[in-house]
Amino acid sequence: MANTSKLIWVFALTLLVAGTLSGVAWYNNRANTLTESVVVYPEPRPLKGVSLTNADGQSFTEQDFQGRWSLVFVGYTFCPDICPTTLADLARIHPRLLELSDKAQVVFISVDPQRDTPERLKAYTAYFNPDFVAVTAAHERLMPVVQQLGLIYGIHEREQSDYLVDHSASIALVDPQGRLYASFRPGFDEQSQVPLVDGDELVADFARILKRYRG
């Protein structure tokens, strides 16, 4: 009878340990699971032929992505909603991104080179964060870069002075090897009625990506 009781206690203890380990494994797996708001590409794509100009009038090429984690967003300074809201959110989470990686940088690509002069670009991004990098170029050099990033834009009624530019609301993630590694996708914000990337989810996903990254 004593042996039977001992076996029961050993069996119960085994189940308890197994259950605890299973619970920890489930929690850890859940904690490391990316949200539906990010797409990580199975085969990161190197960026090639990047020939842009930054707000200081200096060349910006694919070499400027090397050794950095770059969050790249396209837009324009006359944008009425998505751009200022997204850049403000990126400015809010920027300290947290730097805590995760001191190599993180935000790159704003203006897809409206006709109106976005270097001076205007510099003042615009500095309003949100002076560390943000602002770049642009003529459309023949700009469009191939935007397409490589998996983003798009289009200008309508360009002959009017107050024309609008349609553009992606996603944020591309370029890894330290200068490859398109992932894309943070927007959700629809009911309050602002515009598609926006959730900054807090972006931080959480970025942290998980860093843990998985093998280069």
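Check the entry above for the structure.
Right, let's walk through the structure included here. (Residues numbered from 1 in each chain as written. Predicted model: local features only at pLDDT ≥ 70, side-chain atom pairs only at ≥ 80, totals over all residues. Heavy atoms only, no water.)

### Describing the sheet that holds strand E3 (residues 59-61)
Note the cut-off: The pairing criterion is simple: DSSP has to find at least two bridges between the two strands. Secondary structure elements follow DSSP: runs of H or I of four or more residues count as helices, runs of E of two or more count as strands, with numbering from the N terminus. Angular values range over 0 to 180 degrees, each being the angle between N-to-C directions of two axes fitted as lines to C-alpha atoms, with helices fitted over their stretch in contact.
The eight strands lie next to each other as E1-E10-E9-E4-E5-E6-E2-E3, forming an open sheet whose pairing is mixed. Across the chains shown, the open sheet's two edge strands, defined by having one partner strand only, are strand E1 (38-46) and E3. If you compare each strand with its neighbour and ignore which way they point, the axes differ by 30 degrees on average. Of the pairings in the sheet, the one linking strand E2 (residues 51-54) to strand E6 (residues 133-136) comprises two bridges and is antiparallel in character. Its bridge partner lying in E6, Asn54 is registered against Val135.

### A few points about the side chain of Ser110
Our working definition: Here's how the labels work: a residue is buried when its accessible area is under 20% of the maximum for its type, exposed when over 50%, partly exposed in between, all with a 1.4 Å probe on protein chains only. Polar contacts, as used here, are pairs of N or O atoms within 3.5 Å; protein pairs need one atom able to donate a hydrogen and one able to accept it. Residues neighboring in sequence count only if both atoms are side-chain atoms. Should any heavy atoms of two residues lie within 4.5 Å, those residues are counted as being in contact.
Here Ser110 shows up in strand E5 (residues 104-110). We classify Ser110 as buried; its relative accessible area is 0%. For Ser110, the side chain forms a polar contact with the side chain of Asp116, separated by 2.5 Å. Those residues within four positions of Ser110 in sequence are excluded, and the remaining contacts are Gly75, Tyr76, Asp116, Leu121, Val135, Thr136 and Leu142.

### Brief notes about empty space enclosed by the protein
The method is simple in principle: a probe with the dimensions of a water molecule rolls over the atoms, and the space it marks as empty is what remains. The condition is simple: Here a cavity denotes a set of grid points, spaced 1 Å apart and computed over the protein atoms alone, in which a 1.4 Å probe fits but from which it cannot get out, and a pocket denotes an open set meeting protein on both sides within 12 Å along at least five of seven lines; residues with an atom within 4 Å of a point are reported as lining. Grid points are joined across faces, edges and corners, and a volume is the space filled by probe spheres set on the points.
This model, assessed by the stated rule, comprises one cavity of 30 Å³ or more. By volume, the largest cavity is sized at about 40 Å³. Around the largest cavity, the lining residues are Ser37, Phe184, Arg185, Val197, Asp198, Glu201, Leu202 and Asp205. Looking at which element gives the most residues to the lining of the largest cavity, the answer is helix H5 (residues 199-212), with three residues.

### As for the packing of helix H2 (residues 82-100) against H5
Going by this rule: Roughly parallel means an angle under 35 degrees; roughly antiparallel means over 145; roughly perpendicular covers 65 to 115; every other angle is labelled oblique. The sense of a crossing depends on the near helix, which, turned anticlockwise from the far helix by less than a right angle, makes the crossing left-handed and, turned clockwise, makes it right-handed. Residues are grouped as follows: Ala, Val, Leu, Ile, Met, Phe, Trp, Tyr, Cys and Pro are nonpolar; Asp, Glu, Lys and Arg are charged; all remaining types, including Gly, are polar.
Interaxial distance between H2 and H5 falls to 10 Å at its minimum, and their mutual angle equals 20 degrees. In terms of their interaxial angle, H2 and H5 are classed as roughly parallel. Considering how the two elements wind past one another, H2 and H5 form a crossing that is right-handed. Only Gly199, Asp200, Leu202, Val203, Phe206, Ala207 and Leu210 of H5 make contact with H2, whose side of the interface consists of Asp89, Arg92, Ile93, Arg96, Leu97 and Leu100. Its residues placed into classes, the contact of H2 with H5 shows eight nonpolar, one polar and four charged.

### A few points about the layout of surface pockets
Roughly 250 Å³ of volume is contained in the largest pocket. Every residue lining the largest pocket is counted, 19 residues in all, and those nearest its centre are Asp89, Leu196, Val197, Asp198 and Gly199. Taken together, the elements giving at least two residues each to the lining of the largest pocket come down to H2, strand E11 (187-189) and H5. Ranked by the residues each element gives to the lining of the largest pocket, the list is headed by H2, at six residues. Looking at the lining of the largest pocket residue by residue, the classes come out as eight nonpolar, five polar and six charged.

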